[in-house]
Amino acid sequence: MARIDRIALPSPAPGTERHLVVHRFGAAGARPKVWLQAALHADELPGVLVLHHLAARLQRAERDGGIVGEVALVTLANPIGLAQHVGGYLVGRYALDGAGNFNRGFIELRTLLTDAVKDHLGDNAGRNVALIRDAAARLLDQRDPLDESDVLKLILQRHAVDADIALDLHCDDQSALHLYIVPQQSAAFGDLAARLSAAAVLAAADSGDVPFDECLSRPWWHLAAAYPDKPIPSDACLAATIELRGKIDIDDALAAGDAAALFDWLQSRGVIAGTAPAAPIARCDATPLEGVDVVKAPGTGLWVPAIAPGARVAAGDTVGTLIAAAHPGDDARTVLRTRVDGVLFARASPGLVRPGDRVAKIAGREKLPDRTGKLLGD
Ligand SMILES: [Zn+2]
């Protein structure tokens, strides 16, 4: 049976206390170590169902002695956000106390680590990896935040910082399945994307504001670049964000299929004993996050989308219409178009939008000159 850790967060108000619950499969300390979490944005729930299905498979594998590594599974990574009900709706992307986006502001370790290991690296890759993991853990152990959200982020980062594999399960508004990765890891994640039948894989070395996956993956290739004469694998922590379609795509059959794909991929990475089935042909290659055409509403109005998530579009195609609802008539319609050839992988739900709202995202192959700075929406 899984070992269960129940980690207390600091009490935000008298008489209340929240906990993070971690289920662990396999022997403590075994490698590869895997960290899987869902619902860091607390109102993005398809991943909770996927991990429910995956846990059942891991339980069966553990009964058969088939878990080689150690798998930590957090089905609800954000107990703070889960309590944020407003007007009958769960709002889980931002902390309502002003602490910001729950998937931004993790601790950027790359420069700190570069200094910490400078005089200690050797010529053995395995020893360098162990040294860097120890140094990262010590750097995080020196932090002592007070704010409940900062404590939660530190706990998640501290538990995952020495993982070989870390996957953060999210979803978009209305969306086809897609992944965010760093380009240095596109080969390893190409296989996972194929198994998940991903419609897009978006690669960026630094998307801005340090989301969870990048706080884990980025230090490694940064260190490899900083010390090219030392053996440091840039993929010592494979970390990605998986967007499991749209918010309403909570479906047993879909989730069971996704869990099977994750299980097979973990088996192919040596986490689970046995031979994984061959991956199918990938639906897409990785494309640059700087190549995503983010179509924004030019004004307020009723957004009426025209393209289903996952469909291919060409530059100039209509992706939807904005209706200036306060001024009905022929001239109230503004057609919104994409400027790239690619896959429309996500869109806003139909409804009222405000100026600047992101209503459609299309994965193009070429970097767009104006896509600089923070590449993700906040
Ligand atoms: Zn999210």
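This write-up is about the structure you can find in this document. (Residues numbered from 1 in each chain as written. Predicted model: local features only at pLDDT ≥ 70, side-chain atom pairs only at ≥ 80, totals over all residues. Heavy atoms only, no water.)

## Quick look at the overall build of the chain
In terms of helices and strands, the chain carries seven helices and 22 strands. Scaling as 2.2 N^0.38, a compact globule of 378 residues should have a C-alpha radius of gyration of about 21 Å, and the chain matches this with 21 Å. Burial analysis of the chain (378 residues in total) assigns 53% to the buried set. Sequence separation of 24 or more characterises 72% of the internal contacts of the chain that already satisfy a separation of 6 or more. Summing over all exposed atoms, the chain offers an accessible surface of approximately 16300 Å²; the carbon and sulfur share of this is 53%. Counting 39 positive and 47 negative side-chain charges, the chain places the centres of these two groups 1 Å from one another. (Helix = DSSP H or I, 4+ residues; strand = E, 2+ residues; numbered from the N terminus. Rg over C-alpha atoms; globule rule 2.2 N^0.38 Å. Buried < 20%, exposed > 50% of the residue type's maximum accessible area, 1.4 Å probe, protein only. Contact = heavy atoms within 4.5 Å. Areas by Shrake-Rupley, 256 points an atom, 1.4 Å probe, with all protein chains shown as cover. Lys, Arg positive; Asp, Glu negative; His and termini not counted. Charge placed at Lys NZ, Arg CZ, Asp CG, Glu CD.)

## Let's talk about the coordination of the zinc ion
Coordination of the zinc ion by the protein comes from His 41 (ND1), Glu 44 (OE), Glu 44 (OE) and His 170 (ND1), over a distance range of 2.0 to 2.6 Å. Given four donor atoms and angles of 53 to 142 degrees at the metal, the environment of the zinc ion is assigned as irregular. The sequence pattern formed by the donor residues of the zinc ion is H-x2-E-x125-H. Linking Glu 44 in the loop between strand E3 (33–38) and helix H1 (46–63) with His 170 in strand E9 (residues 165–172), this pair joins segments that are 126 residues apart in sequence. Taken as a pair, Glu 44 and His 170 share a single burial class, namely buried. (Donors = N, O, S within 2.8 Å, 3.2 Å for Na, K, Ca; no water. Tetrahedral: all angles 85-135°; square planar, octahedral: opposite > 155°, others 65-115°.)

## Comments concerning the environment of Met 1
Here Met 1 shows up in the segment before strand E1 (3–8). Linking Met 1 and Val 68, residues 67 residues apart in sequence, is a C-alpha distance of 15 Å. Setting aside anything within four residues of it in sequence, one finds Met 1 in contact with Gln 59 and Glu 62.

## Details of a nonpolar patch on the surface
A surface patch of nonpolar side chains, amounting to about 400 Å² of accessible area, comprises Val 86, Tyr 89, Val 91 and Leu 96. Structurally, Val 86 is set in strand E5 (residues 85–86). By relative accessible area, which is 43% here, Val 86 ends up partly exposed. (Patch = residues over 30% accessible without salt bridge, like charges linked within 9 Å, V, L, I, M, F, W, Y side chains within 5 Å. Salt bridge = Lys/Arg side-chain N within 4 Å of Asp/Glu carboxyl O.)

## Some points on the sheet that holds strand E21 (residues 351–353)
To summarise the sheet geometry, strands pair through backbone hydrogen bonds and adopt either a parallel or an antiparallel arrangement. Across the sheet, which stays open at both edges, the four strands sit in the order E19-E18-E16-E21 with antiparallel pairing between neighbours. Both edges of this open sheet fall to strand E19 (333–337) and E21, since each of them pairs with a single strand only. Neighbour-to-neighbour, the strand axes of the sheet open up by a mean angle of 35 degrees, direction not taken into account. One ladder, built from five bridges, connects strand E18 (residues 318–323) with E19; its direction is antiparallel. Across the sheet, Thr 321 pairs through a bridge with Val 335, a residue of E19. (Pairing = 2+ DSSP bridges. Axes fitted to C-alpha atoms, helices over the stretch in contact; angles between N-to-C directions.)

## A few points about the pattern of salt bridges
Counting across every chain of the model gives 23 salt bridges. Across the pair Glu 108 and Arg 218 runs a salt bridge, and its minimum N-O distance is 2.5 Å. With Glu 108 in the loop between strand E8 (100–101) and helix H2 (110–116) and Arg 218 in helix H6 (residues 212–226), this residue pair connects regions lying 110 residues apart in the sequence. Residue class for Arg 218 comes out buried when judged on its relative accessible area of 0%. Among the charged side chains, a salt-bridge network with shared partners connects Arg 31, Lys 33, Arg 133, Asp 162 and Asp 164.

## Thoughts on the packing of H1 against helix H7 (residues 252–268)
Where H1 meets H7, the closest approach of the two axes is 8 Å, and the angle between their N-to-C directions is 50 degrees. Considering their axes alone, H1 and H7 lie oblique with respect to each other. Considering the relative orientation of H1 and H7, their crossing is right-handed. Where H1 abuts H7, its residues Leu 49, Val 50, His 53, Leu 54, Arg 57, Leu 58 and Ala 61 lie against Asp 252, Ala 255, Ala 256, Asp 258, Ala 259, Ala 260, Leu 262 and Phe 263. When grouped by side-chain class, the residues that make up the contact of H1 with H7 number 11 nonpolar, one polar and three charged. (Parallel < 35°, antiparallel > 145°, perpendicular 65-115°, else oblique. Left-handed = near helix turned anticlockwise from the far one by under 90°. Nonpolar A, V, L, I, M, F, W, Y, C, P; charged D, E, K, R; others polar.)

## Things to note about the packing of helix H5 (residues 186–195) against H7
For the pair H5 and H7, interaxial distance at closest approach is 9 Å and the crossing angle is 150 degrees. Between H5 and H7, the angle falls in the class roughly antiparallel. As for how H5 packs across H7, the hand of that crossing is right-handed. For the pair H5 and H7, the contacting residues are Ala 188, Phe 189, Asp 191, Leu 192 and Arg 195 in the first and Ala 261, Leu 262, Asp 264, Trp 265 and Ser 268 in the second. Of the residues assigned to the contact of H5 with H7, the class counts are six nonpolar, one polar and three charged.

Any link to function would need more than the numbers given here.
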